[in-house]
Amino acid sequence: MTSETLIRASVLGNLHSLLASYGLAPEKVALLSGMTPADPGDETALISQRSYMDLLHLCALETGDPLFALKLGLRMVAGDLGVLGLLAANKPTLRTAIESLNEHFRSYQQGADIAVEPVGDGLVRLTYRVGERLTGGLEADIDLTLGAALAFFRRFFGARWRPREVHVVYGPVAHRKSLERVLDAPVWFLQDANGFTFEERLLDESQPGAEPQRATALEAYLRQIHAASALEADLVSSLRIFIVSNLAIANVSAAAAAADCGMSLRSMQRRLGSRRLTYERLVDETRRDIAERLLATSPLSIAEIAYHCGYGDPANFHRAFLRWAGETPAAYRRARLATN
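**Q** Could you give me a rundown of the packing of helix 5 (residues 82-89) against helix 6 (residues 94-104), with the residues and numbers involved?
**A** Two elements in contact, helix 5 and helix 6, have axes whose closest approach is 8 Å; the angle formed by their N-to-C orientations is 155°. By the angle between their directions, the pair helix 5 and helix 6 is classed as roughly antiparallel. The way helix 5 lies across helix 6 gives a crossing that is right-handed. Judged by residue contacts, L84, L87 and A88 of helix 5 engage A97, S100, L101 and H104 from helix 6. Broken down by class, the residue content of the contact of helix 5 with helix 6 amounts to five nonpolar, two polar and no charged.

Dropping the structure here:
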């Protein structure tokens, strides 16, 4: 089982005020999606892709507005992306601002890329592509990002600025006319990327109020953060390897794992906590991953699989698997064999 895609909660910074404008309680909607009310707007908080998608979907349902995510994006200002937004807002031109977003955007949404592509006739396209793991609720994520991008362009060119065309990868929607009215541009569906087209000459327009010296300091800070994030990713990978290697001999204590990684138990717990992870969760995820793979592909008995997952008593394995998958190991195996 792979680690879950994470997104910075600060991208939802205007959620409370927008929900309130519909007469809804933000706390109720946040909790229904599995988030805490404090998460949106907290730049340090990382929320799961699933919670992010569920929240946007719930907001659209509760408000009855399929354009809720787009309107949320249109409310965004530079500060809603924290340091990254302030960096882009202090770059001297639109081109350099987009280059900064492209370099650092993955720290705000894993598996996402921003780029500028030529399309001919003096036009270019700003594109937003998401990884394969961003699946359910894709339309809402795209709409929010398009709204945020339009808001950013209007910082440069005024509130009445409009793109030539808007492109989305998802299929036609029943509310197409409303979508085009809010975007103030024609929308083309089932495209190869999300984004919009505009005149290439605009890339070298100066940004009002930019402070390049501030941008230099902010960029240095972001690069330090990226380096630290890479170290944390290496720690998680090392811990998963340790767990897989030692499950069968039941030697996966947190203290043993920390020693294997050359650090104190407290340091390991602190570094995992900064990513909203615990060592116990990593062990649980790894056990589930091994169990599902062996049940689906191996001839081992369920008792033998329990042993490989670190369970001396198959009954304990049975209870754990029921908690993970909502079905027994035997039922899971039968379903996979029938599918194959």
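Past the structure itself, the notes keep going.
**Q** Help me get a handle on the confidence of the model for the chain, residues and values and all.
**A** Averaged over every residue, the pLDDT of the chain is 83; residues scoring 70 or more account for 80%. Under a pLDDT of 50 for its full length, residues 37-44 has, in the predicted model, 26 contacts with residues more than four places off or in other chains.

**Q** Account for the environment of A69, naming residues and giving values.
**A** With respect to the element layout, A69 can be found in helix 4 (residues 68-74). Judged by relative accessible area, which is 5%, A69 ranks as buried. A C-alpha to C-alpha distance of 9.9 Å links A69 and L55, two positions 14 residues apart in sequence. Apart from residues lying up to four places away in sequence, A69 is in contact with L56, A140, D143 and L144.

**Q** Can you tell me about the pairing of strand 7 (residues 194-199), naming the residues and giving the values?
**A** For strand 7, the tally of buried residues reaches six of six residues, placing the bulk of the element in the interior. Across six bridges, strand 4 (residues 123-130) lies against strand 7 in antiparallel orientation. Looking across to strand 7, one finds that V124 is bridged to F198. Where strand 5 (residues 166-167) meets strand 7, two bridges bridge the pair, whose relative direction is antiparallel. By the bridge assignment for strand 7, H167 is matched with G195.

**Q** Which residues make up the sheet that holds strand 4, and what values do they have?
**A** Taken in spatial order, the five strands line up as 3-4-7-5-6 in an open sheet, and their pairing is mixed. Two strands in the sheet have a free side with no partner beyond their single neighbour: strand 3 (112-120) and strand 6 (187-188). Direction of pairing for strand 5 relative to strand 6: parallel, over a ladder of two bridges. The residue bridging H167 from the neighbouring strand is W188, located in strand 6. Sitting on the sheet, helix 6 is in contact with strand 3, strand 4 and strand 7, with an inclination near 140° to strand 3.

**Q** Break down the side chain of H167 for me, citing the residues and quoting the values.
**A** Along the polypeptide, H167 turns up in strand 5. A polar atom in the side chain of H167 sits 3.2 Å from the side chain of R125. Not counting residues up to four positions away in its chain, the partners in contact with H167 are R125, L146, W188, Q191, A193, N194, G195 and T197.

**Q** Which residues make up the environment of D141, and what values go with them?
**A** Considering the arrangement of structural elements, one finds D141 in helix 7 (residues 138-157). On the basis of relative accessibility, which here comes to 0%, the residue D141 falls in the buried class.

**Q** Explain the pattern of salt bridges to me, using residue names and the numbers behind them.
**A** Evaluated as defined, the whole model comprises 14 salt bridges. D65 is the salt-bridge partner of K71, the closest N and O atoms lying 2.7 Å from each other. Note on K71: relative accessible area 29%, which makes it partly exposed. For D65, a relative accessible area of 10% gives the class buried. With its nearest N and O atoms 2.9 Å apart, the salt bridge here joins E285 to R281.

**Q** Please give an account of the packing of aromatic side chains that cites residues and values.
**A** Per the stated rule, a full pass over the model turns up 15 aromatic pairs. Ring geometry for F157 and W161: centres 6.0 Å apart, planes at 40°, overall tilted. Here F157 falls in the partly exposed class, since its relative accessible area comes to 23%. Note on F321 and W324: the rings are 6.0 Å apart at their centroids and 75° apart in plane angle, and the pair reads as edge-to-face. Pair noted here: F321 and W324 are both in helix 14 (residues 314-325), with a separation of three residues, about one helical turn. A connected cluster of aromatic rings, assembled from ring pairs, spans F152, F153, F156, F157, W161, F196 and F198. Across from the ring centre of Y332, 3.8 Å away, lies the NZ or CZ of R336, which sits over that ring.

**Q** Summarise the nonpolar core; cite the residues concerned and give the values.
**A** Soluble, globular proteins show a tendency: their nonpolar side chains are buried together. Formed by 57 residues in total, the largest nonpolar core has its most connected members in F153, L179, F196 and F198. Per-element tally for this core: the top contributor is helix 7, with 10 residues. When residues no more than four places from it in sequence are discounted, the contact partners of F196 are V124, R125, L126, L146, A149, L150, F153, W161, P163, E165 and V166. Within the second largest apolar cluster, 30 residues are counted, among which are L239, A258, Y279 and V283.

Each value, and the rule that gives it
- Residues numbered from 1 in each chain as written.
- Predicted model: local features only at pLDDT ≥ 70, side-chain atom pairs only at ≥ 80, totals over all residues.
- Heavy atoms only, no water.
- Axes fitted to C-alpha atoms, helices over the stretch in contact; angles between N-to-C directions.
- Helix = DSSP H or I, 4+ residues; strand = E, 2+ residues; numbered from the N terminus.
- Parallel < 35°, antiparallel > 145°, perpendicular 65-115°, else oblique.
- Left-handed = near helix turned anticlockwise from the far one by under 90°.
- Contact = heavy atoms within 4.5 Å.
- Nonpolar A, V, L, I, M, F, W, Y, C, P; charged D, E, K, R; others polar.
- pLDDT = per-residue confidence, 0-100.
- Buried < 20%, exposed > 50% of the residue type's maximum accessible area, 1.4 Å probe, protein only.
- Pairing = 2+ DSSP bridges.
- Polar contact = N/O pair within 3.5 Å; in protein donor to acceptor, adjacent residues only side chain to side chain.
- Salt bridge = Lys/Arg side-chain N within 4 Å of Asp/Glu carboxyl O.
- Phe/Tyr/Trp six-rings, centres within 6.5 Å; stacked < 30°, edge-to-face > 60°.
- Lys NZ or Arg CZ within 6 Å of the ring centre and 35° of its normal.
- Core = buried A, V, L, I, M, F, W, Y, C linked by side-chain atoms within 4.5 Å.

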